[in-house]
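# What the coordinates show
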Amino acid sequence: MGRGGHGAGIAHLRSRPPRRPDRTPWWWHPDGREAHTVVGRDYHDDLLFAACAMHDLGVASDGPHNQRFEVEGADRAAALLLERGVPAADADEVWQAIALHTSPGIAERRGTLCVLVREGVGLDFGGPLGAHHIDAVTDEQADAIHHAYPRLEMARSLTDAIVAQAAKDPRNAPRYSIPGEFLRERGKFGQT
């Protein structure tokens, strides 16, 4: 449950039907463990689940879409956690993990939760973000994850959603950010 008090606040996320982002934490510990971290010491499983389950809230169709999708999603996730009684420090950890999940070199300096979310999202997109994670998940574990949580054109649909969100406001797509580069590629080449 973590540092205290957020188990009930996060329980509603685990009780809803599974979605594609729910797979992201399993890339790190499909059988309940990850090679160099310890649940409860290095990170809290409920916070990892919350950050992974909500990391793409910024592209949800009901959002205001007036800032980068990572920040918008982090703001929405933190607000939701706070409304459900999760301590502010824990909601802030989730905020950082979501806001920085597309920021190489920064997420890695903001703690284990940020690293796990960033690397888990990268693995979920089909490849490790660094050579040291190539063996993070066995083929059998990957097959089980895909069976439980099918990809369903995940990469294309999420890229399209990021581009659509970025196109709504110039502040959503600063140059050299993931949304900015996706939008630029789409405009220049007709595809991303």
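The structure this text deals with has already been given above.
To start, this report covers the structure provided alongside it.

Rules behind the numbers
- Residues numbered from 1 in each chain as written.
- Predicted model: local features only at pLDDT ≥ 70, side-chain atom pairs only at ≥ 80, totals over all residues.
- Heavy atoms only, no water.
- Salt bridge = Lys/Arg side-chain N within 4 Å of Asp/Glu carboxyl O.
- Helix = DSSP H or I, 4+ residues; strand = E, 2+ residues; numbered from the N terminus.
- Buried < 20%, exposed > 50% of the residue type's maximum accessible area, 1.4 Å probe, protein only.
- Polar contact = N/O pair within 3.5 Å; in protein donor to acceptor, adjacent residues only side chain to side chain.
- Axes fitted to C-alpha atoms, helices over the stretch in contact; angles between N-to-C directions.
- Parallel < 35°, antiparallel > 145°, perpendicular 65-115°, else oblique.
- Left-handed = near helix turned anticlockwise from the far one by under 90°.
- Contact = heavy atoms within 4.5 Å.

### Comments concerning the pattern of salt bridges
- Here the structure, examined in full by the defined rule, presents 9 salt bridges.
- We note a salt bridge from arginine 76 to aspartate 62, for which the minimum N-O separation is 3.0 Å. Here arginine 76 is found in helix 3 (residues 69-83), whereas its partner aspartate 62 is found in the loop between helix 2 (45-53) and helix 3, with 14 residues between them in sequence.
- Looking at arginine 76, the relative accessible area reads 25%, which means it is partly exposed.
- Residue aspartate 62 is classed as exposed on the basis of its relative accessible area, which comes to 58%.
- A salt bridge links glutamate 181 to arginine 175, with the nearest nitrogen and oxygen atoms 3.8 Å apart.
- Given the relative accessible area of 48%, arginine 175 is considered partly exposed.

### Thoughts on the side chain of glutamate 70
- With respect to the helices and strands, glutamate 70 occurs in helix 3.
- Glutamate 70 sits in the buried class, given a relative accessible area of 0%.
- Within the structure, the side chain of glutamate 70 is placed 2.8 Å from the side chain of arginine 68, a separation counted as a polar contact.

### So, the packing of helix 4 (residues 88-99) against helix 5 (residues 112-124)
- One way to put it is that helix 4 packs onto helix 5 with a least axis distance of 8 Å and a crossing angle of 40°. Classified by the interaxial angle, the pair formed by helix 4 and helix 5 is oblique. For the element pair helix 4 and helix 5, the recorded crossing hand is right-handed. Between helix 4, through Glu93, Val94, Gln96 and Ala97, and helix 5, the contact on the second element is made entirely by Leu113, Cys114 and Val117.

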